[in-house]
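What follows is the residue order along each chain.
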Amino acid sequence: MASNVDTADGETVILNCIDSDGSRLDGDHEEIAISTAEVGQWDLTSLAHRPIIKIKANRQRLIQHSSYFLGLLSGSFSESCFDSISIHWDMESLLSMLRFIFGCSMDLTSENFLPLYEAALFFGVDKLLLVCRSWLDYVTSEVRIWPPQLCLEDLVHIWDYGRENAIDFIPQLTGYLARNFIWMASCDSFHNVPFELLLSCVKHPCLTVDSEKHLCDAILLWLATNTNPSDLLSSTGDAHLEILTEIRTSLLSLPFAAGKRRCPFFSKFAERSVVAICSLATSHSFSLADILGGGDCNQLRIHLTEYTKILDLSGCPQINLALLLLNMLPSSNNLDKLLMKKLNQLSLKLERHMDISRIPWEIFPVLTFEAVQVVDVSNCPMLHLEAAIECFSKSFPSLTTLKAAYILNFRTMKLYQLLQRCPLLSDIDLTVDSTPVIPAKVSVISSFPTVTLQISTSSNDETCPDVPAFHFSRQLSNITKLILEGRTDIYDSDLQNIAECCPSLHCVNLNACTSITDSGISILVLKCVELHSIFACDTSFGQNCVQSLCRNISRFDSVAMKMADHTNSLAYKLQILHIGCCKGINETFLLELISQTHRIRSLCLRGTQLVDNSLYKFSGSSLEMLDVSDTKVSCHAVGHVVRRNPLLKGLIARGCRHLLQEENDILENSPVLSYICPVLYYELGKSCNLEEISLGWGFSFFSMEALRPAIKMLRTFTVGLGGSLGEDGLKLVPAFCPLLETLILYFQVVSDSVVRNILETLKHLQVLALFYCFGEISSLSFQSSAPRLRKLKLERVSSQMTNDDLLTLTRNCMNLTDLSLVGCRRLNSESQDTISNGWPGLISLHLEDCGEVTAKGVTSLMNCQALEDLLLRHNGLGIDRNFIIRAASRMPLLRKVAVDVCDAKDGDFDLPDFPDRNFLRIVKLARCNLKRRTLGSTKSGTCTTPVHVETLILTWDSRKLSRTVVKERL
C-alpha cells in the first residue's frame, strides 16, 4: 500500500523526469505534474509514454531510501539546495521505482526485472535490489520446476547483463534453464540463446531432458540457425560443433540416430551412434565391463535427475535391464567390480527366463527419483519389462503413466503384479501390432497348431514357480486408462481379473484383441461402471456387450423397462465408442445402442450393420468424430446427425455406396440442387469446422465447393473410391485447406502439375498417399523441396519412375520415414543404394512390383537399420533363403516382414522360430501361381504372370506362435 507521506512540512523537491529515450521528446510536450502524495493513483500505462513529467516528492523519503538522493540532496553537491532537479532515465522503470520508494507494492515480471534492477542499482535503492533478487531467487528456485510466466528472451537479457557486470546471479539462471531445458528449446527465441549459455546448460549437472533425442534435436536446431556450412572449417564453427561431444550418442533412439546420418553437422556422430546402438542391441551376452572398457559410465548415463518428470527411452533397442539399473545406481566414475559382475549375471539369467521373484534386488542400492511420473519404454525389445517394472517401483514411487508399446516379451498375466508394484499407476499402454488375421476381414484356408514358448529350466537356475494368486486391494483402484490393443494373449479370464482389480477404469482399448469373446467384454463392461471410453474394433464385441451397456433401460430387461430414468445406463454416459468391423451386432441391437449414446463425443461404426434407421435414432449433440465408413447409410441420415452436432470435427464416410445412390436419386428430380448443395455437404458447410474428413462415393468438385466453409482448418483429407474431384478440384485443395497435414487419394485423376502444386503450397503437409490414381506422374512432381514430408506412398501412379527420379526424390523429400512404392517397374538393384543413402532413417518401407530391385539380392537395404516394417514383393528373383532371419538380426526394431515366394532365389524362405525371431511380431509369406496369358501372346514364347494363391501368416505373442493360411494378399 502507498505511504501516507505528504508535503505539509515543506520538505519537498520537484523531480524533472526526462525519458532517456530521446525519440519520445519529439512527441507531446504538454507538461504533466504529479505528486508522490497521490502515488497510489498514478496510471503507469499512460504516464510511461510521457517524455517529461514533473513529480513533487518528499525530500526526506528520497534521502532515506536512496543513496543516490542521499548524496545529491543532502551532500556537498550544489543540487542539495535546489528546489528542482533533473533526472534522465527510462520513464517506466523510474516511475515504478518511485512508487516502491513511496510505499507501493512491486509487481515484478521477467520483462521489467532488468530495468528495475538497473534503476535500483544506479539510484542505490537497497530494498528494491533485495526485492528483485528475492523474486529472481523464487522464480528460478528448485521448487518451481516448470517455468512461471517467464520469457526466455528476457532471461537471456538478464544473463547477458549479469555476465557483463559480474553479478552473481548467473549460476542460478544457468541452473534454472538447465532444469527447464525442454521448455527453453520449445521457445521461439531459442535460436537467440548465446552459445556460452547453451553450452553451460548442456554441461550443467542438473540438465533435465525427457530423452537424449530431445537434447540432440535442440542442439542441432540451434546449430542449423547459428552456424553456416561455410563456418564449419573456421574456428567459430569448430567451437560450436564442440557442443556435440556433450551428446551421449549411445543413448539416442535408433530411428533418430539413423535419420541424422544426412545431417551436415552430425553425420559422423550419427554413424558412430548407429554402430554403437546396433552393437549393444544385437549382443546376446550383454557385458557392461566390455562396453565401458575401463569403467567410465558417463556415456551410458541417462540424464536422470531429481527434477525429471518424463523418462522417454522409446525406440532404444540398446536399453536392457543392466543398463537401466546402471542409471538408477549412485553416480560414480567407477562401479564396484562385484556390482558390475552381478549386473552382468542378472542380464544372463534373464535371457534364460529366470523368474524375477528370485532376483535379489536388495543387492542393488538404487536411487529414488520422486518427480518421475511418466516412463516410456515403447520399442525397447531388449528390455525385460517384468524386471524393469521392479526397478520402476523402487526408483519411481510417483509413477502414474507407463508406455510400453510393442514389447512382446511382457506376459499379460503379469499385469496384475504390475498394478501391485506401482500402486499410483493410472495410465498403462501395452499396445502391440494388430494381427492381420481378423476373422471378419480374411478367409482362413487352414491353420496349424500353435507353438508355445518353452521356458528354459537350466539346472543352474531355479525353476519358475507358479504365478501366485493375486490379492486385490483398494490401492489398485487408480488405473483409469488401459491400452491392450493388438494383444492376442489376452483372454476372457484376464478381462475378468482386470474388472476386479480396476474398478475405477474409465478408458479401455481392446482393439484387435481377437482371443476375447463377446461374453468376456460384457463382464468387463458390467463390472467397470465408470467406463466412458471403449475401443473394441475388430473384436467379438456383440449383443451381450450391447445388453450390458443398455442394461438399465434396455427392452431386453423387463424389470429395467419400468424405469423412467434413461440416464442410468452406461451407454448414456459413454463419451467414446469405437466398435468398427464388429459383425456380431445386428441392426436391432445397434439401433438400441445408438439411441442411448446421448453424450458420445467419438463414435466409430465402420464396417458394421449400420443403416439409416439407427442414425435417425441418434439424439446426441456433443459428437466430435463420426466414422460410418463401409456402411449402408445415406446422405440424409448422416446429414441428420451433422445438423444436430455443430462441434463435429471429423467425418469418415469412405466406402458408403448409398451416398452415391441417393445423389443419383436426387439428380433425377433436381439435377441443379444435387450438384450445388447436396444435403450432407450443405449441412457440413453450414455448421461445422472440420479437422478430418474422408469421403468417397458421390463426392465431387461441387461437393467440395459446398464444403468450403467447413474445411478451412482441415488437417486430414481422404478421397476414396467413388469420389471424383478431378484435376480442377485437386488444384483447389491447397486454397481451401491451407493447413492440411495429410492428403490421401484413391482412384483420382492426378498429374505432375497437381502434385507439384500440392507440395509447393501445402507447407504443413506431412503425409501424401496416392493409390491407383489415373494419370502418370514423373520426377517433375517432386522438383520442389518438401522438408516436412514424412510419409510418401506412390502405388500404381508412377510406373515410369527411374533410379534418377528416385534420386531426385531423396534430395527434395529428404526427411521421409515411411516410403511405399508399387508398380515402379523401371527401378533396379541400384535403387537399394539410393533408398538406403537417401533415407537412412526409414522405419517403414514397402516395395512391390518394382522392376528388378531385389534381382541381385537384398544388400544395401540392410543399412536401413531402423526399419520396423518391411515389405518386398515381386521385385526380382534373388532374395536369399535366410533373408527373414538375417533382416531380423540386422534390424533390431524390425517387427513386420512381408515377402513373396516368387522372389526367393532358392524357391522358399527359412521361417524364424522363437530364438531367432528377435523382435519380429508378424511375418507374411505370399505364394503365387504362374498363369499363362491368353491374350496378346507373342511368337517369342509363352507369357506368364503371377497370380496370388494364398498367404501364410506367422504371428508371435508373449506365449505362442500362430500360423494361419488365408486367401487374401495382405
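Up top is the structure.
The rules we used
Residues numbered from 1 in each chain as written. Predicted model: local features only at pLDDT ≥ 70, side-chain atom pairs only at ≥ 80, totals over all residues. Heavy atoms only, no water. Phe/Tyr/Trp six-rings, centres within 6.5 Å; stacked < 30°, edge-to-face > 60°. Helix = DSSP H or I, 4+ residues; strand = E, 2+ residues; numbered from the N terminus. Buried < 20%, exposed > 50% of the residue type's maximum accessible area, 1.4 Å probe, protein only. Lys NZ or Arg CZ within 6 Å of the ring centre and 35° of its normal. Salt bridge = Lys/Arg side-chain N within 4 Å of Asp/Glu carboxyl O. Arc of directions from axis to C-beta. Contact = heavy atoms within 4.5 Å. Polar contact = N/O pair within 3.5 Å; in protein donor to acceptor, adjacent residues only side chain to side chain. 1 Å grid on protein atoms, 1.4 Å probe; cavity = no way out; pocket = protein on both sides within 12 Å on 5 of 7 lines; lining within 4 Å. Points joined across faces, edges and corners; volume = space filled by probe spheres on them. Nonpolar A, V, L, I, M, F, W, Y, C, P; charged D, E, K, R; others polar. Pairing = 2+ DSSP bridges. Axes fitted to C-alpha atoms, helices over the stretch in contact; angles between N-to-C directions. Parallel < 35°, antiparallel > 145°, perpendicular 65-115°, else oblique. Core = buried A, V, L, I, M, F, W, Y, C linked by side-chain atoms within 4.5 Å. Patch = residues over 30% accessible without salt bridge, like charges linked within 9 Å, V, L, I, M, F, W, Y side chains within 5 Å. Areas by Shrake-Rupley, 256 points an atom, 1.4 Å probe, with all protein chains shown as cover. Right-handed = clockwise from strand over helix to strand, strands pointing away.

J.: What exactly am I supposed to notice about the packing of aromatic side chains here?
T.: The relative placement of two aromatic rings is captured by the distance of their centres and the angle of their planes. Taken as a whole, this structure holds 24 aromatic pairs when the rule is applied. Taken together, a centroid distance of 6.2 Å and an interplanar angle of 70 degrees make the contact between Phe-113 and Phe-169 edge-to-face. Linking Phe-113 in helix H5 (residues 113-123) with Phe-169 in the loop between helix H7 (152-164) and helix H8 (170-179), this pair joins segments that are 56 residues apart in sequence. Note on Phe-113: relative accessible area 0%, which makes it buried. On the accessibility criterion, Phe-169 (0% relative accessible area) is buried. Ring-pair connections join several aromatic residues into one group, and the members of that group are Tyr-68, Phe-69, Trp-89, Phe-122 and Phe-123. Seen from the ring of Phe-269, Arg-272 lies directly overhead, with NZ or CZ sitting 5.0 Å from the centre. Lying over the aromatic face of Tyr-746, Arg-654 brings its terminal NZ or CZ to 4.3 Å of the ring centre.

J.: What should I look at first to understand the pattern of salt bridges in this one?
T.: If the charged atoms of two oppositely charged side chains come close together, the side chains can form a pair. If you walk through the whole model with that rule in mind, you get 25 salt bridges. Here Arg-796 and Asp-849 are joined by a salt bridge, their closest N and O atoms 2.7 Å apart. With a gap of 53 residues between them, Arg-796 in the loop between strand E21 (791-795) and helix H33 (803-812) and Asp-849 in the loop between strand E23 (844-848) and strand E24 (869-873) connect regions that are remote in the sequence. A cluster of three or more residues bridged by salt bridges with shared partners is formed by Asp-160, Arg-163 and Glu-196.

J.: Even after reading the chapter, I still don't get helix H3 (residues 67-74), so can you show me in this structure?
T.: Helical periodicity: at 3.6 residues per turn, an α-helix aligns residues three or four positions apart in one direction. Every buried residue belonging to H3 is among Phe-69, Leu-72 and Leu-73, and all of these are buried. Along the axis of H3, the buried residues cluster in a sector spanning 85 degrees; they form a single face. Buried residues belonging to H3 abut strand E1 (12-19), helix H2 (59-65), strand E4 (84-89) and H5. Between the side-chain oxygen at the start of H3 and the backbone nitrogen of Tyr-68 there is a gap of 3.3 Å, and the oxygen is on Ser-66.

J.: How should empty space enclosed by the protein be read in this particular structure?
T.: Empty pockets left among the atoms are what a rolling probe the size of a water molecule brings to light. What the rule picks out here adds up to six cavities of 30 Å³ or more. Space inside the second largest cavity adds up to approximately 70 Å³. Lining the second largest cavity, in full, are Val-209, Asp-210, Ser-211, Glu-212, Leu-251, Ile-302, His-303, Leu-311, Asp-312 and Leu-313. Considered class by class, the residues forming the lining of the second largest cavity number five nonpolar, two polar and three charged.

J.: Where do I start with the sheet that holds E4 in this structure?
T.: Hydrogen bonds between backbone atoms are what pair the strands of a sheet, whose relative direction is either parallel or antiparallel. Reading across from one edge, E2-E3-E1-E4 is the order of the four strands in this open sheet, with mixed pairing throughout. The sheet is open, and its two borders are formed by strand E2 (32-35) and E4, each paired with just one other strand. Taken over all neighbouring pairs, the strand axes of this sheet differ in orientation by 25 degrees on average, direction set aside. As paired elements, E2 and strand E3 (residues 52-58) share four bridges and run parallel to each other.

J.: How should I be thinking about the packing of H5 against H7 in this particular structure?
T.: Helix packing geometry: the angle between the two helix axes and the distance between the axes. For the pair H5 and H7, interaxial distance at closest approach is 9 Å and the crossing angle is 30 degrees. In terms of their interaxial angle, H5 and H7 are classed as roughly parallel. Each of Phe-113, Leu-114, Tyr-117, Glu-118 and Leu-121 in H5 lies in contact with H7, whose residues at this interface are His-157, Ile-158 and Tyr-161. Classifying every residue of the contact of H5 with H7 gives six nonpolar, one polar and one charged.

J.: What is the right way to read unusual backbone geometry from this model?
T.: Keep in mind that most residues, glycine aside, have a negative phi and that most peptide bonds are trans. Unusually for a residue other than glycine, Tyr-406 sits at a positive phi of about 65 degrees. By the secondary structure assignment, Tyr-406 is in the loop between strand E7 (401-403) and helix H19 (415-421). When its relative accessible area of 26% is taken as the criterion, Tyr-406 is described as partly exposed. A positive phi is found at Ala-512, a non-glycine position, where the angle reads about 60 degrees. Inspection of the secondary structure puts Ala-512 in the loop between strand E11 (507-509) and helix H21 (518-527).

J.: What's the story with the pairing of strand E25 (residues 896-900) in this structure? I'm lost.
T.: Walk down a regular strand and you will see the side chains alternate between the two sheet faces. For E25, the tally of buried residues reaches four of five residues, placing the bulk of the element in the interior. Taken together, the four bridges between E24 and E25 define a ladder with parallel strand orientation. Across the sheet, the residue bridging to Leu-871 is Ala-898, located in E25.

J.: Looking at this structure, I do not really get the nonpolar core. What am I missing?
T.: Across soluble globular proteins, nonpolar side chains show a tendency to be buried alongside one another. In terms of nonpolar packing, the biggest core is built from 188 residues, with Val-377, Phe-541, Leu-684, Phe-717 and Phe-883 touching the most fellow members. In contact with Leu-684, other than residues within four places in its own chain, are Val-642, Leu-648, Leu-651, Leu-690, Ile-693, Leu-707 and Ala-710.

J.: I keep staring at the layout of surface pockets and nothing clicks. Help me out?
T.: Roughly 2000 Å³ of internal volume is contained in the largest pocket. Here the lining of the largest pocket gets four residues from one element, more than from any other, and that element is E24.

J.: Explain a nonpolar patch on the surface here, please?
T.: Residues Leu-721, Phe-747, Val-749, Tyr-772 and Phe-774 make up a contiguous nonpolar surface patch of roughly 440 Å² in combined accessible area. As for its placement among the helices and strands, Leu-721 is situated in the loop between strand E18 (716-719) and helix H31 (726-736).

J.: Explain the pairing of E24 here, please?
T.: Within E24, five of the five residues are buried, leaving the element largely enclosed by the surrounding structure. When E23 meets E24, the two strands line up parallel, connected through five bridges. Residue His-846 lies in a different strand from E24, and its bridge partner there is Leu-871. Between the parallel elements E24 and E25, the chain passes through helix H35 (residues 883-890) in a crossover that is right-handed.

Function-wise, these values are silent; they only describe arrangement.
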